[in-house]
Amino acid sequence: MPTTGFTYLRPLTVADLIRDLAEPGAFALAGGTDLVPLRAAGAITPAVLVDVKHVAELRGVETEGDAIRIGAATTLADLGERDGRSLDAILDGAKIVGAAQTRERATLGGNLCRSSPAGDTLCGLLVLDAVAELQSLDGIRHVPVRDFFTGPSRNVKKPSEALVSIRVPVREGGSAYRRFTYRRSMDLAVVGVAAWLSIEDGVCVNAAIAIGAVAPTPRLVPAAAETLVGTTCDDEAIAHACEHVVAASSPIDDVRGTRDHRLRVLRPLTRDTLLLALTRALGSSPP
Ligand SMILES: Cc1cc2nc3c(=O)[nH]c(=O)nc-3n(C[C@H](O)[C@H](O)[C@H](O)COP(=O)(O)OP(=O)(O)OC[C@H]3O[C@@H](n4cnc5c(N)ncnc54)[C@H](O)[C@@H]3O)c2cc1C
């Protein structure tokens, strides 16, 4: 257990938040569902904890032009209550993180900044082409989530940067995220897959597929998505996409599953996820 203390700061504005995060040894504290166990295990030793939850700009979901803006400190419980189809792949993930108590605390921004290969909202953020807004005393930058992850639990965000919001473009189509776990709840993904399909006159005109827990980071599989474009997403096209997904994965043996089992699960999970995204795309009305 860590023996050193820390300073707790509770900014109310983004200006104060980024000033506080510039302090040496500062960590943003959102729901704390990752940070607190990491600190207890001695994996991190924050000198300053900067609570992001009381900054109004970091809370809530709203439509801004042609995108949906999600404040980084929006809890997964609040997110899960949203109606509408345009965030489906993200919401599918948000609704299954931990238990109800976890989701009341845990935030979307925390899931993204933790950058676990098995993070349940991350494949959805990838297929829906989300963009992270990072802010520090040096200014603002917008990083597509596809460029965010650099390794297991690593990303391009600097310690002094606050994740302020995540923007998801509003698009036609249907999306979905499914994961395989050994238990129904309170388990982390052994394998996760998200898909987004845009269908016009019964033909797929655009697609994205992402995989989680089977590579060092959650990642898109463009080759798999490309095989679906121009098809009706029939059995043969989906089988081809699944082959590309398996080829793009590099799972390891760990406490949650073996490499062999992950590879075996990946194909049917990809197929199920694509079929759910297709059903939603065919039934979808504009968001
Ligand atoms: C019992 C339990 C079950 C869980 N089950 C799952 C699960 O099924 N699936 C899953 O994906 N995860 C799971 N988790 C992990 C965790 O709940 C999620 O990753 C959660 O989304 C983290 O969000 P948080 O708000 O608690 O982040 P925190 O723990 O507060 O922060 C996590 C990291 O992100 C940084 N950070 C947070 N917000 C910001 C910000 N706005 N700007 C800059 N940096 C920031 C923090 O400094 C820290 O490094 C579980 C955790 C527990 C304790």
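In what follows, the structure referred to is the one given above.
Here is what the cut-offs are and how they apply
- Residues numbered from 1 in each chain as written.
- Predicted model: local features only at pLDDT ≥ 70, side-chain atom pairs only at ≥ 80, totals over all residues.
- Heavy atoms only, no water.
- Helix = DSSP H or I, 4+ residues; strand = E, 2+ residues; numbered from the N terminus.
- Buried < 20%, exposed > 50% of the residue type's maximum accessible area, 1.4 Å probe, protein only.
- Contact = heavy atoms within 4.5 Å.
- Phe/Tyr/Trp six-rings, centres within 6.5 Å; stacked < 30°, edge-to-face > 60°.
- Lys NZ or Arg CZ within 6 Å of the ring centre and 35° of its normal.
- Near = heavy atom within 4 Å.
- Polar contact = N/O pair within 3.5 Å; in protein donor to acceptor, adjacent residues only side chain to side chain.
- Nonpolar A, V, L, I, M, F, W, Y, C, P; charged D, E, K, R; others polar.
- Salt bridge = Lys/Arg side-chain N within 4 Å of Asp/Glu carboxyl O.
- Pairing = 2+ DSSP bridges.
- Axes fitted to C-alpha atoms, helices over the stretch in contact; angles between N-to-C directions.

Trainee: Outline the overall build of the protein chain, supporting the account with residue identities and numerical values.
Mentor: Helices and strands together make up the secondary structure of the protein chain, namely ten helices and 14 strands. By its C-alpha atoms, the protein chain is 60 × 45 × 30 Å across when sized along the principal axes. For the protein chain, the residues scored as buried account for 50% of the 287 residues in total. Once local pairs closer than 6 in sequence are excluded, the contacts in the protein chain between residues at least 24 apart make up 60%.

Trainee: Any chance you could break down the packing of aromatic side chains for me, citing the residues and the numbers?
Mentor: By convention here, two paired aromatic rings are described through the distance between centres and the angle between planes. The full count for this structure, using the stated rule, is two aromatic pairs. Judged by centre distance (5.7 Å) and plane angle (90°), the rings of F148 and F149 are edge-to-face. Residue F149 is classed as buried on the basis of its relative accessible area of 12%. Residue placement shows R171 over the ring face of W196; its charged tip is 3.7 Å from the ring centre.

Trainee: Lay out the site of the ligand in plain terms, naming residues and giving numbers.
Mentor: Around the ligand sit 29 residues, and of these A28, T33, D34, L35 and T107 come closest. In the model, an oxygen atom of the ligand is placed 2.6 Å from a nitrogen or oxygen of the T33 side chain. In this structure, an oxygen atom belonging to the ligand sits 2.7 Å away from a main-chain N or O atom of L35. Looking at the shell around the ligand, the elements that each hand over two or more residues are β2 (26-29), α6 (108-114) and β10 (162-169). Class assignment of the residues belonging to the shell around the ligand gives a composition of 14 nonpolar, nine polar and six charged.

Trainee: Outline the pattern of salt bridges, supporting the account with residue identities and numerical values.
Mentor: Considering all chains together, one arrives at 14 salt bridges under this definition. Across the salt bridge formed by D16 and R19, the nearest N and O atoms sit 3.2 Å from each other. With a gap of three residues between them, D16 and R19 both fall in helix α1 (residues 14-21), about one helical turn apart. The class for R19 is partly exposed, based on a relative accessible area of 45%. For D20, the salt bridge goes to R19, with nearest N and O atoms at 3.0 Å. For D20, a relative accessible area of 7% puts it in the buried group. Connected via shared salt-bridge partners are R85, D88, D92 and R280.

Trainee: Run through unusual backbone geometry, naming residues and quoting values.
Mentor: You will see that S115, though not glycine, has its phi angle at about 55°, which is positive. With respect to the helices and strands, the residue S115 is situated in the loop between α6 and α7 (122-127). Classification of S115 as buried rests on a relative accessible area of 1%. Non-glycine residue D201 carries a positive phi angle of around 50°. Within the secondary structure, D201 is located in the loop between β12 (191-200) and β13 (203-212).

Trainee: Outline the sheet that holds strand β1 (residues 7-9), listing residues and values.
Mentor: Read from one edge to the other, the open sheet built from three strands follows the order β1-β3-β2, with strand pairing classed as parallel. For this open sheet the edge positions go to β1 and β2, each flanked by a neighbour on one side alone. Ignoring which end each strand starts from, the neighbouring axes of this sheet average 25° apart. As judged from the four bridges shared by β2 and strand β3 (residues 48-51), these two strands associate in the parallel manner. Note that in β3 the partner of F27 across the bridge is L49. With respect to the sheet, α1 is in contact with β1, β2 and β3, its orientation differing from that of β2 by roughly 140°.

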